[in-house]
Amino acid sequence: MMKAISIGLFGLGTVGSGVVNIIENHQDKLMHQVGCPVKIRKILVQDINKNRGVSVDPLLLTTNPNEILDDPDIDVIIEVMGGIVETKKNIIAALQNGKHVVTANKDLMALHGSELLTVASESGCDLYYEASVAGGIPIIRTLVDGLASDRIVKMMGIVNGTTNFILTKMSQEGKAYQSVLKEAQELGFAESDPTSDVEGLDAARKMTILATLGFSMKIDLEDVKVSGISNISEEDLQYGKQLGYTMKLIGHAHRDGEKVEVSVQPTLLSNRHPLASVNNEYNAIYVYGEAVGETMFYGPGAGSLPTATAIVSDLVAVMKNMRLGVNGKNAVTPQYPKILKDEAEKYSKYFLRLHVKDEVGVFAGITSIFAQYGVSFEKILQLPVKKNEVAEIVLVTHQAASSEYQNILTLLRDLSFVKEIKSTYRVEGSSVS
């Protein structure tokens, strides 16, 4: 039997506590997997005296990262503390000191993943980050290993549990956005400052990681077109229901030939699409490969034990590599140069809700503008509004280029009888392909 593997743990919050619980309670499983015990040697915290959700020996706690980074007996560092600048410095130091790293830090990996993986490879160390995307769903390992022989064409999914919880409640219970956001905060599904979640930034970081891996192409965060859910109204959701759609915040990555597009935006999904039935705080990711076809991965996207499960699974992978003597060999550099689609090459269906003057000829004027760009309608609703002699028109288009659709919106705004463009969203049909 090998000597015990010693762990340095950065962070003892919700996820860190889950890591401690799994390592302590699953020793028999870990022993069976890798043939040696796993011991937590030191834990970095901000406040040694804080009450925590897990009982640990106070002597394990430290506020000095160097006690972990410079300890030659520590083999692996698990980072669940978060942050970017200081955390990046600590991870680089750990790798250069010959320590393997497992992290759940999506912000860091989205911004600096390529640099850190290069340092890991040069140092002969492993850097794993399964828990950085979709919590307990093993999507990164699936892309890197399970689908390694396939060519990924499209990925789309619900990768933020907070927004999915909010949209589920709004849709099913008819509640307003602010009311549901407050409920999510009280239940612990949303932060006190929810900006990163509700404006799509959290999901964008995750899609950056997935697109980089799935397309073997260095995708940067600024390449992702992002919009959030804070302006979605109850009326939008109700009209969507009438037309057979469910609103979700969807991360979308699509490759056509050598060109790619990546976005995060509110999307109306056909009720027949499998992602439409993913509710509350759950995540799901659809992956379409040329050989395998459509696959879907579903599960809890956050939480102490689901995320900790992904982290400890990465730890097991590191330990198996240690036994085989192949640490530092897992990083694969991107194979293809990054080529992004321009707006004329991005196609989608669109939902559009307009307030217009309630008078003869209005609809003919609207359709003539769409006809200029060869865009036809799949669905139409026209309803009176009980004030100011205003009518409401709701349209779902057939496929249109993003550039042409933006030109159409510009022309519509200039029409004297269009009072307001109330909302517009991407629309997806019943299949990912």
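Before going into details, it helps to say that this report is about the structure given with it. Please read these numbers as outputs of a predicted model, since none were measured by experiment.

1. As for the overall build of the protein
Secondary structure summary: the protein contains 14 helices and 17 strands in total. What you see for the protein is a C-alpha radius of gyration of 24 Å, in line with the 22 Å of a compact globule of 433 residues. In terms of overall dimensions, the protein has C-alpha extents of about 85 × 45 × 35 Å along its principal axes. Within the protein, the fraction of its 433 residues that count as buried is 53%. Considering only contacts in the protein between residues 6 or more positions apart, those separated by 24 or more positions represent 74%. Computing the positive centroid from 42 side-chain charges and the negative centroid from 51, the protein places the two 2 Å apart.

2. Some thoughts on the environment of Lys-379
Examined against the element boundaries, Lys-379 turns out to sit in strand S14 (residues 377-385). Residue class for Lys-379 comes out partly exposed when judged on its relative accessible area of 26%. Sequence separation between Lys-379 and Ile-408 is 29 residues, and the spatial gap between their C-alpha atoms is 17 Å. When near neighbours in sequence (up to four residues on either side) are disregarded, Lys-379 contacts Leu-243, Tyr-245, Val-394, Leu-395 and Val-396. At 2.5 Å, the side chain of Lys-379 and the backbone oxygen of Leu-243 are in polar contact.

3. Details of the environment of Asn-97
By the secondary structure assignment, Asn-97 is in the loop between helix H4 (85-96) and strand S5 (100-103). A sequence separation of 26 residues divides Asn-97 from Asp-71, and the C-alpha atoms of the two residues are 9.3 Å apart. The contacts of Asn-97, once residues within four sequence positions are left out, are Leu-69 and Asp-70.

4. Observations regarding the state of the cysteines
In the structure shown here, the tally under the stated rule is 0 disulfides. As a non-bridged cysteine, Cys-36 has Cys-125 as the owner of its nearest cysteine sulfur, 17 Å distant. Judged by its relative accessible area of 1%, Cys-36 is buried. A relative accessible area of 2% places Cys-125 in the buried class.

5. Concerning a nonpolar patch on the surface
A cluster of nonpolar residues, Ile-84, Val-85 and Leu-111, forms a patch on the protein surface that exposes about 260 Å² of accessible area. By the element assignment, Leu-111 lies in helix H5 (residues 106-122).

6. With respect to the pattern of salt bridges
Summed over all chains, the structure comprises 29 salt bridges. A salt bridge links Lys-175 to Glu-173; the shortest N-O distance between them is 3.0 Å. Accessibility expressed as a relative area gives 39% for Glu-173, which makes it partly exposed. Two residues, Lys-346 and Glu-343, come together in a salt bridge whose shortest N-O distance is 2.9 Å.

7. As for H4
Compared with the 16 Å implied by 1.5 Å per residue over 12 residues, the 17 Å span of H4 between its first and last C-alpha is a close match. For H4, the complete set of buried residues consists of Thr-87, Lys-88, Asn-90, Ile-91, Ile-92, Ala-94 and Leu-95. Close packing links the buried residues of H4 with strand S1 (5-10), helix H3 (66-69), strand S4 (76-79), S5 and H5.

About the thresholds
- Residues numbered from 1 in each chain as written.
- Predicted model: local features only at pLDDT ≥ 70, side-chain atom pairs only at ≥ 80, totals over all residues.
- Heavy atoms only, no water.
- Helix = DSSP H or I, 4+ residues; strand = E, 2+ residues; numbered from the N terminus.
- Rg over C-alpha atoms; globule rule 2.2 N^0.38 Å.
- Buried < 20%, exposed > 50% of the residue type's maximum accessible area, 1.4 Å probe, protein only.
- Contact = heavy atoms within 4.5 Å.
- Lys, Arg positive; Asp, Glu negative; His and termini not counted.
- Charge placed at Lys NZ, Arg CZ, Asp CG, Glu CD.
- Polar contact = N/O pair within 3.5 Å; in protein donor to acceptor, adjacent residues only side chain to side chain.
- Disulfide = S-S within 2.5 Å.
- Patch = residues over 30% accessible without salt bridge, like charges linked within 9 Å, V, L, I, M, F, W, Y side chains within 5 Å.
- Areas by Shrake-Rupley, 256 points an atom, 1.4 Å probe, with all protein chains shown as cover.
- Salt bridge = Lys/Arg side-chain N within 4 Å of Asp/Glu carboxyl O.
- Expected span 1.5 Å × (residues − 1).

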